[in-house]
Amino acid sequence: MLVNPRPSDEDKKLVVVKSHNAVNPLVWDYSPLLTIDVWEHAYYLDFQNKRADYISIFMEKLVSWEAGSSRFEMAKARAAEREREEERRREEEEEQSANGEPVEMYLDSSDTDASEAE
């Protein structure tokens, strides 16, 4: 399970993410609370083709629920801080616009067309 660190107003909830080809959820800038590898290499030596048994043992005996809970609290704090930062940024932009000050805008150089760079 993951907490979306940049939730929209409709999406302030936990999400369950399934990744393919061993993609780590950190690449999506999520905050993983609990992960489990269910590729055969993770369990075959101990459980052969019994994936369900592997998952049951994992959930019953290997998961640290305290660590998951701690990660959940840290993820909520991170999301709340990002929300406060976004609100501060919006307020500053509104204040600048109200005062007639120009609003600073930056373009990401990766968005620049390759032909423009030449």
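All figures in this text were calculated on a predicted structure; none of them were measured in a lab.

Visitor: Provide a residue-level description of the packing of aromatic side chains, including the pertinent values.
Guide: For the coordinates displayed, the defined rule picks out 3 aromatic pairs. Note on Y43 and Y54: the rings are 5.1 Å apart at their centroids and 25 degrees apart in plane angle, and the pair reads as stacked. Remark: Y54 occurs in helix 2 (residues 51–62) and Y43 occurs in helix 1 (residues 40–47); sequence separation between them is 11 residues. Residue Y54 is classed as buried on the basis of its relative accessible area of 11%.

Visitor: I'd like to hear about the environment of N49, residue by residue, with values.
Guide: Assignment of secondary structure puts N49 in the loop between helix 1 and helix 2. With residues up to four places along the chain from it excluded, the contact list for N49 reads E40 and Y44.

Visitor: Before we move on, can you summarise the confidence of the model for the chain with the specific residues and values?
Guide: With 77% of its residues at a pLDDT of at least 70, the chain reaches an overall mean of 79. When pLDDT is averaged over each helix and strand of the chain, the minimum, 49, is found for helix 4 (residues 114–117) and the maximum, 91, for helix 2.

Conventions and cut-offs
Residues numbered from 1 in each chain as written. Predicted model: local features only at pLDDT ≥ 70, side-chain atom pairs only at ≥ 80, totals over all residues. Heavy atoms only, no water. Phe/Tyr/Trp six-rings, centres within 6.5 Å; stacked < 30°, edge-to-face > 60°. Helix = DSSP H or I, 4+ residues; strand = E, 2+ residues; numbered from the N terminus. Buried < 20%, exposed > 50% of the residue type's maximum accessible area, 1.4 Å probe, protein only. Contact = heavy atoms within 4.5 Å. pLDDT = per-residue confidence, 0-100.

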